[in-house]
Amino acid sequence: TGFFIKQIPGGLFSEYLKEDRTGQKIVLSGPMGQFKIDESNEDMVCIAGGSGMSAINAIVEEAAHSQVKRNCYFFYGARQQKDLYLVDEISAIEKKWAKGFTFKFIPVLSEEPDDSDWEGGRGFVSDFFKEKQECTAPTSLQMNAFKQIS
């Protein structure tokens, strides 16, 4: 089990975790509902923003490990390049993806300065997806994000 915790100045939980909590018991509750790979043969389209990356990452990791024979297009929205994470892990997933099928990671930045070296997508990930939809085959959609991007 892994956790992705963003340090937010003044954030109740992230401030609590600034101190060394080694050996202390922390009680957490898990997510509710089901979030898993569906059993269709359709292309997978995954859309996540911010911390929603962690759940989608778990799905695509499992798909790569299981050698799911489907294309996957993973759209991820962040504010700036500095907010992108799991980049090495996503690259490893792409290398492990089932041969003959496509895994494509498409990061989209909403607040990247215009004068930066960023050559990827810009704007809100949901708008970018609607405008630049990468796949035309029937798709299975997985989304995990705050309501602002939907």
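This text gives an overview of the structure that appears in the document. On a predicted model such as this, the values are computed, not experimentally measured, just so you know.

Moving on to the overall build of the protein chain. Secondary structure summary: the protein chain contains four helices and five strands in total. Put simply, the protein chain runs from its N terminus to its C terminus through helices and strands in the order α-β-α-β-α-β-β-α-β. Out of the 150 residues belonging to the protein chain, those deemed buried represent 34%. Residue pairs in contact within the protein chain that sit at least 24 positions apart in sequence constitute 72% of those at least 6 positions apart. Element-wise, carbon and sulfur atoms account for 51% of the exposed surface of the protein chain, whose accessible area totals about 10100 Å².

Before going further, it helps to spend a moment on helix H4 (residues 125-132). Along H4, the residues classified as buried are Val125, Ser126, Phe128 and Phe129. The arc enclosing the buried residues of H4, seen along the axis, measures out at 160°, which places them on a common side. Projecting away from the buried face of H4 at angles above 90 degrees are the exposed residues Lys130 and Glu131. Where H4 is buried, its residues meet strand E1 (43-49), strand E2 (72-78), strand E3 (103-109) and strand E4 (121-122).

The grouping of Glu61, Glu62, Asp88 and Glu89 at the surface amounts to a negative patch. For the negative patch, the secondary structure elements donating two or more residues are helix H2 (53-65) and helix H3 (87-96). Relative to the helices and strands, Glu89 is located in helix H3.

Turning to the pairing of E2, a few remarks are in order. In terms of burial, E2 is a largely internal element, seven of the seven residues being buried. Every second residue of E2 is oriented toward a common face, with Cys72, Phe74, Tyr76 and Ala78 on one face and Tyr73, Phe75 and Gly77 on the other, all of them buried. Following the backbone out of E1, through H2 and into the adjacent parallel E2, one traces a crossover that is right-handed. In this structure, E2 lies alongside E3, joined through seven bridges in parallel fashion.

Here the structure, examined in full by the defined rule, presents six aromatic pairs. On the numbers, 6.3 Å between centres and 25° between planes, the contact of Phe13 with Tyr16 is stacked. In this pair, Phe13 and Tyr16 are both assigned in helix H1 (residues 12-16), three residues apart and thus about one turn of the helix distant. Overall, Tyr16 belongs to the partly exposed group, its relative accessible area being 31%. By the ring-pair criterion, three or more aromatic residues cluster together here, those being Phe74, Tyr76, Tyr85 and Phe105. Stacked on the ring of Tyr16, the Lys or Arg Arg21 has its end atom at 3.7 Å from the ring centre.

Among the seven residues in E1, seven count as buried, and that is most of the element. By the alternation rule, side chains of E1 split into Asp43, Val45, Ile47 and Gly49 and Met44, Cys46 and Ala48, which are all buried. Pairing between E1 and E2: six bridges, direction parallel. Paired with Ala48 across the two strands is Tyr76, which belongs to E2.

It is worth spelling out the nonpolar core at this point. Ranked by internal contacts, the top residues of the largest apolar core, which has 23 residues, are Val60, Phe74, Tyr76, Ile90, Trp97 and Phe103. For this core, the secondary-structure elements that each account for two or more residues are E1, H2, E2, H3 and E3. It is H2 that contributes the most residues to this core, six residues altogether. Those residues within four positions of Val60 in sequence are excluded, and the remaining contacts are Cys46, Cys72, Phe74, Ile93, Trp97 and Phe103. In terms of nonpolar packing, the next biggest core, distinct from the first, is built from nine residues, Val45, Tyr73, Val108 and Val125 among them.

Conventions and cut-offs
- Residues numbered from 1 in each chain as written.
- Predicted model: local features only at pLDDT ≥ 70, side-chain atom pairs only at ≥ 80, totals over all residues.
- Heavy atoms only, no water.
- Helix = DSSP H or I, 4+ residues; strand = E, 2+ residues; numbered from the N terminus.
- Buried < 20%, exposed > 50% of the residue type's maximum accessible area, 1.4 Å probe, protein only.
- Contact = heavy atoms within 4.5 Å.
- Areas by Shrake-Rupley, 256 points an atom, 1.4 Å probe, with all protein chains shown as cover.
- Arc of directions from axis to C-beta.
- Patch = residues over 30% accessible without salt bridge, like charges linked within 9 Å, V, L, I, M, F, W, Y side chains within 5 Å.
- Salt bridge = Lys/Arg side-chain N within 4 Å of Asp/Glu carboxyl O.
- Lys, Arg positive; Asp, Glu negative; His and termini not counted.
- Charge placed at Lys NZ, Arg CZ, Asp CG, Glu CD.
- Right-handed = clockwise from strand over helix to strand, strands pointing away.
- Pairing = 2+ DSSP bridges.
- Phe/Tyr/Trp six-rings, centres within 6.5 Å; stacked < 30°, edge-to-face > 60°.
- Lys NZ or Arg CZ within 6 Å of the ring centre and 35° of its normal.
- Core = buried A, V, L, I, M, F, W, Y, C linked by side-chain atoms within 4.5 Å.

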